[in-house]
Amino acid sequence: MSVSDEAAQTGNETDEPGWEVDQDDDWALAVITTVGRQLRLRREAGEMRVGDFAQAVGYGEDLVYKIESGKRIPRPEYLDMADEVLNAGGLIAAMKEDVKKVRYPKKVRDLAQMEARAVELQLYDPLNIHGLLQTPDYARGLLLMRRPAYSDEEVERFIAARVARKAVFERDPSPELSFVLEEWTLRRPLGGAPRLRQQLEHLLEIGQLRNVEMQVMPMDHVEHAGLAGGIEVLKFEDGSLVGRSPAVANGRPISEPRQLRILELRYGIIRAQALTPRESTSFIEQLLGDT
């Protein structure tokens, strides 16, 4: 079910178009508890019962109770409707900015914040097309294959988080982004050939950006320095670095110079072993033609 579909639910249904709050995320809990309290106070000040309010906004009573008690993260359209129903003059709708900051899981927020500050990103994923490069439809196909299966709500939440991270391509000044992609991830039609074709077209479009270098590691190359796992190296304006790899510190973010040198060394060798950006573009174009 899409976000727009969920927003159209009638008041006599108990569909819950919000997101669960991570109980270990203290900041998110504080923000959503405050938002819920403000919604309840506004509703009570208007002398409107939960049932009447639920019918007016077009959602189930159960969802209203959970949002007001800080157990669910309301979607933006819920806050817009609540603002209109309670005649809040934009004060409730304005809370969308606060909710937006905590709507994604904490680890995703932390990563997005680092990406937003980085002036250079070096990224290698041996298993999938990197999340920053995935189209929403391709990402949905991958998420739907997850076992144990994600709920529809979790799928939509993860997709929204990945889309939000793509703001890194729109920053001014633009950061320098380097990606190394595995050939097999570009060939395997996960989710179907139409999804893959759209994804390849998107890669060619992103690859035209002046601040993006995209390289493909062919399957027939006999040397490969990336067999230990994915690599992320983020460099910041003050000269500091943060890295991450399953092969180092169990995938936790690292800033220790020796470990960072290992990641940079591996990434540099992987880039040298892969096709050049120009060769990679031609390679992806050929794959698109065969899809």
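One can find the structure itself at the top, above this paragraph.
Residues numbered from 1 in each chain as written. Predicted model: local features only at pLDDT ≥ 70, side-chain atom pairs only at ≥ 80, totals over all residues. Heavy atoms only, no water.

K.L.:
Break down the overall build of the chain for me, with residues and values.
P.N.:
Across its full length, the chain holds 13 helices and seven strands. Along the three orthogonal principal directions, the C-alpha set of the chain runs to about 70 × 45 × 35 Å. A burial count over the chain gives 46% of its 291 residues as buried. Across the chain, the fraction of contacts at a sequence separation of at least 24, relative to all contacts at a separation of at least 6, is 72%. In the form shown here, the chain has an accessible surface area of approximately 15200 Å², with 50% of it arising from carbon and sulfur atoms. Of the charged side chains in the chain, 38 are positive and 49 negative, and the gap between their average positions amounts to 4 Å. (Helix = DSSP H or I, 4+ residues; strand = E, 2+ residues; numbered from the N terminus. Buried < 20%, exposed > 50% of the residue type's maximum accessible area, 1.4 Å probe, protein only. Contact = heavy atoms within 4.5 Å. Areas by Shrake-Rupley, 256 points an atom, 1.4 Å probe, with all protein chains shown as cover. Lys, Arg positive; Asp, Glu negative; His and termini not counted. Charge placed at Lys NZ, Arg CZ, Asp CG, Glu CD.)

K.L.:
Explain the nonpolar core to me, using residue names and the numbers behind them.
P.N.:
As a rule of thumb, soluble globular proteins bury nonpolar side chains together. Membership of the largest hydrophobic core comes to 33 residues, with the highest contact counts inside it found for Leu 133, Phe 169, Phe 179, Leu 186, Leu 203 and Met 214. At the level of elements, helix H7 (106-117), strand E3 (118-125), helix H8 (136-144), strand E4 (176-182), helix H11 (193-207), strand E5 (212-217), strand E6 (231-236) and helix H13 (277-290) are the ones that each hand at least two residues to this core. Among the elements that line this core, the one with the most residues is H11, at five residues. Beyond its immediate sequence surroundings of up to four residues, Leu 186 is in contact with Ile 129, Leu 181, Leu 196, Leu 200, Leu 203, Val 216, Ile 284 and Leu 287. Counting 25 residues, the second largest nonpolar core, distinct from the first, contains Val 35, Phe 53, Val 57 and Leu 79. (Core = buried A, V, L, I, M, F, W, Y, C linked by side-chain atoms within 4.5 Å.)

K.L.:
A description of the sheet that holds strand E7 (residues 241-244) should follow, citing residues and the corresponding values.
P.N.:
Ordered in space as E5-E4-E3-E6-E7, the five strands form an open sheet in which the pairing is mixed. If you trace the sheet from one side to the other, it starts and ends with E5 and E7, each paired once. Averaged over all neighbouring strand pairs, the angle between strand axes comes to 10°, with direction disregarded. Taken together, the four bridges between E6 and E7 define a ladder with antiparallel strand orientation. (Pairing = 2+ DSSP bridges. Axes fitted to C-alpha atoms, helices over the stretch in contact; angles between N-to-C directions.)

K.L.:
Give me the lowdown on the environment of Ala 30, citing residues and values where you can.
P.N.:
With respect to the helices and strands, the residue Ala 30 is situated in helix H2 (residues 26-45). On a C-alpha basis, the gap between Ala 30 and Val 102 in space is 9.9 Å, while along the polypeptide they are 72 residues apart.

K.L.:
Now, about the packing of aromatic side chains: what can you tell me, with residues and values included?
P.N.:
A complete count under the given rule lists four aromatic pairs for this structure. With a centroid separation of 6.5 Å and 75° between ring planes, the pair formed by Phe 53 and Tyr 78 is classed as edge-to-face. A residue pair is termed long-range when its members are at least 10 positions apart, and Phe 53 in helix H3 (residues 50-57) and Tyr 78 in helix H5 (residues 76-85) qualify at 25 residues. The exposure classification of Phe 53 matches that of Tyr 78, with both residues buried. With a centroid separation of 5.4 Å and 35° between ring planes, the pair formed by Tyr 59 and Tyr 78 is classed as tilted. With a gap of 19 residues between them, Tyr 59 in the loop between H3 and helix H4 (61-68) and Tyr 78 in helix H5 connect regions that are remote in the sequence. The two residues Tyr 59 and Tyr 78 agree in class, both being buried. The ring of Phe 236 carries the charged tip of Arg 117 above its face, separated from the ring centre by 4.4 Å. (Phe/Tyr/Trp six-rings, centres within 6.5 Å; stacked < 30°, edge-to-face > 60°. Lys NZ or Arg CZ within 6 Å of the ring centre and 35° of its normal.)

K.L.:
How would you summarise H4 if you had to cite specific residues and measurements?
P.N.:
Among all positions of H4, only Leu 63, Val 64, Ile 67 and Glu 68 are buried. All buried residues of H4 fall inside an arc of 125° around its axis, so they share one side. Positive phi appears at Gly 70, one or two residues downstream of H4, with a value of about 75°. (Arc of directions from axis to C-beta.)

K.L.:
Can you explain the environment of Gly 51? Please cite residues and give values.
P.N.:
Within the secondary structure, Gly 51 sits in helix H3. C-alpha of Gly 51 to C-alpha of Trp 184: the two residues are 133 residues apart in sequence and 53 Å apart in space.

K.L.:
Tell me about the packing of H8 against H11, and please be specific about residues and values.
P.N.:
The N-to-C vectors of H8 and H11 enclose an angle of 135°; their axes lie 9 Å apart at closest approach. For the element pair H8 / H11, the angle class is oblique. Every pair of crossing elements has a handedness; the one defined by H8 and H11 is left-handed. Mapping the contact onto sequence places Asp 137, Tyr 138, Arg 140 and Gly 141 in H8 and Arg 195, Gln 198 and Gln 199 in H11. (Parallel < 35°, antiparallel > 145°, perpendicular 65-115°, else oblique. Left-handed = near helix turned anticlockwise from the far one by under 90°.)

K.L.:
Which residues make up the pattern of salt bridges, and what are the values?
P.N.:
Enumeration over the complete set of coordinates arrives at 15 salt bridges. Arg 271 serves as the salt-bridge partner of Glu 213, at 2.4 Å between the closest nitrogen and oxygen. With Glu 213 in strand E5 and Arg 271 in helix H12 (residues 257-273), this residue pair connects regions lying 58 residues apart in the sequence. Salt bridges here are not isolated pairs; linked through shared partners, they connect Asp 137, Arg 140, Glu 156 and Arg 195. (Salt bridge = Lys/Arg side-chain N within 4 Å of Asp/Glu carboxyl O.)

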